[in-house]
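Below, each chain spelled out in residue letters.
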Amino acid sequence: MGVGQLNKVVVFKENTPSNLGAGGADSYSTLLTTRGSLKKLSGSRSLSFGELVESNSYEMITRYQDDIKDNIRMDTKIEIESRTFTINSFEKIGEKRFYYRFVLSEQVN
């Protein structure tokens, strides 16, 4: 993976839930901003409660950073070009230059 391929601005959003009455509300704040690559893996359309829903899966690669290692959780959201993605899985890859590989999903209504 070359540096020139990491051409997307990637914003990691950390969930800090707040109390709201008897329940809670999600509140996202910026954890860090970095660069990465994004590649579509698959896509599908389905009918959900009478609405047509498009679900897409993507692979995102970004450089290894301690802030990602220390703070990444499954409820972390990722924003790329004003689009919000949910993390399905992530792993550290590489032997000398480490990268993180994320599998992301995006729901489009």
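Report on the accompanying structure.

Definitions and limits used
- Counting from 1, residues in each chain are numbered in the order their sequence is written.
- Only residues with pLDDT of at least 70 get local features here, since the model is predicted, and only at 80 or more are side-chain atom pairs given and counted; chain-wide, interface and lining totals rely on the full set of residues.
- With hydrogens and water stripped out, all remaining heavy atoms of the structure feed into the side-chain values.
- Here, the term nonpolar core denotes a set of buried Ala, Val, Leu, Ile, Met, Phe, Trp, Tyr and Cys residues that are joined through side-chain atoms within 4.5 Å.
- Here the term buried applies to any residue with accessible area under 20% of the maximum for its type, exposed to any over 50%, and partly exposed to those in between, with areas from a 1.4 Å probe on protein chains only.
- In this description a helix means any DSSP run of H or I spanning at least four residues, a strand means any run of E spanning at least two, and both kinds are numbered starting from the N terminus.
- Residue contacts are defined here by distance: any two heavy atoms, one from each residue, within 4.5 Å place the two residues in contact.
- Note on aromatic pairs: the rings of Phe, Tyr and Trp (six-membered ring only in Trp) are paired at centre separations within 6.5 Å, and the planes decide the class, stacked below 30 degrees, edge-to-face beyond 60, tilted for the rest.
- Salt bridge, as used here: a side-chain nitrogen of Lys or Arg that lies within 4 Å of a carboxyl oxygen of Asp or Glu.
- Between any two strands, pairing holds if DSSP finds at least two bridges.
- Whenever a helix is involved, its axis is fitted only over the stretch in contact; in every case the axis is a line through C-alpha atoms, and angles between N-to-C directions fall within 0 to 180 degrees.

### Here's the deal with the nonpolar core
One recurring pattern in soluble globular proteins: nonpolar side chains tend to sit buried together.
At step 1: Among the nonpolar cores identified, the biggest contains 14 residues, and Phe 12, Met 60, Ile 68, Ile 78, Phe 102 and Leu 104 are the most heavily contacted of them.
At step 2: Taken together, the elements giving at least two residues each to this core come down to β1 (8–15), β5 (51–63), β6 (77–80), β7 (83–93) and β8 (99–108).
At step 3: The biggest single contributor to this core is β8, with three residues.
At step 4: Setting aside residues no more than four positions away along its own chain, Ile 68 makes contact with Phe 12, Leu 32, Thr 62, Arg 63, Tyr 100 and Phe 102.

### Brief notes about the environment of Gly 4
At step 1: Residue position: Gly 4 is located in the segment before β1.
At step 2: Look at Gly 4 and you get exposed, because its relative accessible area is 66%.
At step 3: When the C-alpha atoms of Gly 4 and Met 74 are compared, they prove to be 28 Å apart, with 70 residues separating the residues in sequence.

### Some details on the packing of aromatic side chains
At step 1: Tallied over the entire structure, the rule returns seven aromatic pairs.
At step 2: Judged by centre distance (6.1 Å) and plane angle (65°), the ring pair of Tyr 64 and Phe 98 falls under edge-to-face. Note that Tyr 64 is positioned in the loop between β5 and α1 (66–71) and Phe 98 in the loop between β7 and β8, a separation of 34 residues in sequence.
At step 3: Note on Tyr 64: relative accessible area 25%, which makes it partly exposed.
At step 4: Aromatic pair Tyr 100 and Phe 102: ring centres 5.9 Å apart, planes at 45°, arrangement tilted.

### Here we look at unusual backbone geometry
At step 1: Residue Glu 81 is not a glycine yet carries a positive backbone phi of 50°.
At step 2: Position of Glu 81 relative to the elements: it lies in the loop between β6 and β7.
At step 3: On the accessibility criterion, Glu 81 (52% relative accessible area) is exposed.
At step 4: Even without being glycine, Ser 82 reaches a positive phi, approximately 65°.

### Quick word on the pattern of salt bridges
At step 1: Applying the stated rule across the entire model yields seven salt bridges.
At step 2: The shortest N-O distance in the salt bridge between Lys 8 and Glu 81 comes to 3.2 Å. Taken as a pair, Lys 8 in strand β1 and Glu 81 in the loop between β6 and β7 lie far apart in primary sequence, 73 residues in all.
At step 3: Note on Lys 8: relative accessible area 23%, which makes it partly exposed.
At step 4: For Glu 106, the salt bridge goes to Arg 83, with nearest N and O atoms at 2.9 Å. Highlighted residues: Glu 106 in strand β8 and Arg 83 in strand β7, separated in sequence by 23 residues.

### Things to note about the sheet that holds strand β4 (residues 28–48)
At step 1: Judged by pairing direction, the barrel is antiparallel, and its six strands sit side by side in the order β1-β4-β5-β8-β7-β6 before closing back on the first. Neighbour-to-neighbour, the strand axes of this sheet turn through a mean angle of 45°, independent of strand direction.
At step 2: Where β5 and β8 come together, ten bridges link them in antiparallel fashion. Paired with Glu 54 across the strands is Val 108, a residue of β8.

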